[in-house]
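Summary of structural features
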Amino acid sequence: MQLDETIRTRRSVRSYQARELPPPLVDEILDLARHAPSSMDGQPWCFVVLRDPETKRRLADLKNAYCPPQKRVYPADFLAEAPVIVAVCVHKSRSHGRELENGILATGFLLLAAHARGLAGVYLSAYQKEDPRLAEQIARLLRLGPDVQPVTVVPLGFPREAPPPKLLRPLETMIHHESFDLGLL
Ligand SMILES: Cc1cc2nc3c(=O)[nH]c(=O)nc-3n(C[C@H](O)[C@H](O)[C@H](O)COP(=O)(O)O)c2cc1C
């Protein structure tokens, strides 16, 4: 798939076929994710690939337990049904103070690489600014060690649904030349 088409057609998918993901396919995706930019080119990533049903269920339970009240209508149970979950983590010692940015960018690359191969997933945060317990519990579950911080958890699978193209806010309301033009809001 060409890059433009990959970017334009990627959607979040929360329902997956039971079909297993071959390990080399997951490795291809992670190989591309690590081409993301990173602060001072620290390349701080570590990707924890989860296939064990018990670990996936516990991760879903943690996401639900620490879900902010306004998002409880969107439970994370689908995590337990994904054939693979990738926990995108970073070494703090290689992050130059930019742990979240480094992890988030690699997650974006990962999602595009997955989509280009016919897979789908969705971005889920592994931390909450206002409550450190989610990240702490995920770190404990995955035995991450003191230098490693989880940033996102991304379920991956062959999609069971094909979401329609989404309605985008008009480009002209997003672009400003030289300074911010309130008149276009
Ligand atoms: C920072 C961030 C947090 C998100 N958190 C969740 C989440 O907790 N649960 C979920 O199902 N999707 C989550 N998403 C996915 C968004 O809901 C999704 O990207 C958005 O609705 C746009 O749809 P699209 O990805 O299909 O373009 C998150 C995405 C981002 C970037």
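None of these values were measured; they are calculated from a predicted model.

1. Examining the layout of surface pockets
Considered as a void within the structure, the largest pocket measures approximately 510 Å³ in volume. Along the walls of the largest pocket sit 21 residues, with Lys63, Cys67, Lys71, Leu124 and Ser125 positioned nearest its centre. Those elements giving two or more residues to the lining of the largest pocket turn out to be helix H3 (53–65) and strand E4 (124–125). Considered class by class, the residues forming the lining of the largest pocket number twelve nonpolar, four polar and five charged. Considered as a void within the structure, the second largest pocket measures approximately 210 Å³ in volume.

2. Some details on the site of the ligand
Near the ligand the following residues occur: Arg10, Arg11, Ser12, Arg14, Phe78, Val122, Tyr123, Leu124, Ser125 and Lys166. A distance of 2.7 Å is found between an oxygen atom of the ligand and a side-chain nitrogen or oxygen belonging to Arg11. Notes on the ligand: free accessible area 620 Å², of which the protein chains cover 61%. Residues of the shell around the ligand, tallied by class, amount to four nonpolar, two polar and four charged.

3. Thoughts on the packing of aromatic side chains
Counted according to the given criterion, the structure contains zero aromatic pairs. Looking at Arg19, its charged tip hangs above the ring of Phe158, at a distance of 3.6 Å from the centre.

4. Things to note about helix H2 (residues 23–33)
Along H2, the positions that sit buried rather than exposed are Leu25, Val26, Ile29, Leu30 and Ala33. For H2, the angular spread of the buried residues around the axis is 135°, confining them to a single face. The secondary structure elements touched by the buried residues of H2 are strand E1 (45–50), strand E2 (84–91) and helix H5 (99–116).

5. Details of the pattern of salt bridges
Counted according to the given criterion, the structure contains six salt bridges. Of the charged contacts, one joins Asp31 and Arg34 as a salt bridge, the two residues approaching to 2.5 Å between their closest N and O atoms. Overall, the relative accessible area of 33% leaves Asp31 in the partly exposed class. For Arg34, a relative accessible area of 47% translates into the label partly exposed. Where Arg57 meets Asp77, a salt bridge forms, and the shortest distance between an N and an O atom there is 2.8 Å. Here Arg57 is found in helix H3, whereas its partner Asp77 is found in the loop between H3 and helix H4 (78–81), with 20 residues between them in sequence. One salt-bridge network, in which partners are shared between bridges, spans Arg57, Asp61 and Asp77.

6. Comments concerning the pairing of E2
Taking burial as the measure, the eight residues of E2 include seven buried ones, the bulk of the element. One ladder, built from six bridges, connects E1 with E2; its direction is antiparallel. Paired with Cys46 across the two strands is Cys89, which belongs to E2. Across eight bridges, the pairing between E2 and strand E5 (residues 148–157) is antiparallel. By the bridge assignment for E5, Ala87 is matched with Val153.

7. What about the nonpolar core?
Judged by nonpolar contacts, the single largest core of 28 residues is most densely connected at Leu59, Leu79, Ile138, Leu142 and Val153. Those elements that place two or more of their residues in this core are E1, H3, H4, E2, helix H6 (133–141) and E5. The element best represented in this core is H6, accounting for four residues. In contact with Leu59, other than residues within four places in its own chain, are Leu50, Leu79, Ile85, Ile138, Leu141 and Val153. In this structure, Leu21, Val88, Leu111 and Leu119 belong to the second largest nonpolar core, which totals 17 residues.

About the cut-offs
Residue numbers run consecutively from 1 along every chain, following the written order of its sequence. Reporting of local features is limited, given that this is a predicted model, to residues whose pLDDT is at least 70; pairs of side-chain atoms are given and counted only at 80 or more, and all residues count toward the totals for whole chains, interfaces and linings. To obtain the side-chain values, all non-hydrogen atoms of the structure were used and water was disregarded. As defined here, a cavity is a set of points on a 1 Å grid over the protein atoms alone where a 1.4 Å probe fits but cannot get out. A pocket is an open set with protein on both sides within 12 Å along at least five of seven lines, and residues line them when an atom is within 4 Å of a point. Grid points are joined across faces, edges and corners, and a volume is the space filled by probe spheres set on the points. Strands here are runs of E lasting at least two residues and helices are runs of H or I lasting at least four, both read from the DSSP assignment and numbered beginning at the N terminus. Gly is placed with the polar residues, together with every amino acid not listed as nonpolar (Ala, Val, Leu, Ile, Met, Phe, Trp, Tyr, Cys and Pro) or charged (Asp, Glu, Lys and Arg). Any residue with a non-hydrogen atom lying within 4 Å of a molecule or strand is treated as near it. In protein, a polar contact means a hydrogen-donor-capable atom and an acceptor-capable atom, both N or O and within 3.5 Å, with residues adjacent in sequence counting only if both atoms are side-chain atoms; elsewhere, any N or O pair within 3.5 Å suffices. We get accessible surface area from the Shrake-Rupley algorithm with a probe of 1.4 Å; when it comes to residues, only the shown protein chains can shield them. To pair, rings of Phe, Tyr and Trp, with the six-membered ring standing in for Trp, must have centres within 6.5 Å; the planes then decide the type, stacked if under 30 degrees apart, edge-to-face if over 60, and tilted in the middle. Only lysine NZ and arginine CZ atoms are considered, and such an atom sits over a ring when it is within 6 Å of the ring centre and within 35 degrees of the ring normal. Throughout, exposure labels follow a simple rule: accessible area from a 1.4 Å probe, protein chains only, divided by the maximum for the residue type, with under 20% read as buried, over 50% as exposed, and the rest as partly exposed. This arc describes the spread of directions from the helix axis toward the C-beta atoms. Throughout, a contact is declared for two residues whenever any of their heavy atoms are within 4.5 Å. We define a salt bridge as a contact between a side-chain nitrogen of Lys or Arg and a carboxyl oxygen of Asp or Glu at a distance within 4 Å. Criterion used throughout: strands pair if DSSP finds at least two bridges between them. Buried residues of nine kinds, namely Ala, Val, Leu, Ile, Met, Phe, Trp, Tyr and Cys, make up a nonpolar core once their side-chain atoms join them within 4.5 Å.

Everything listed here is a matter of geometry and, on its own, says nothing about what the molecule does.
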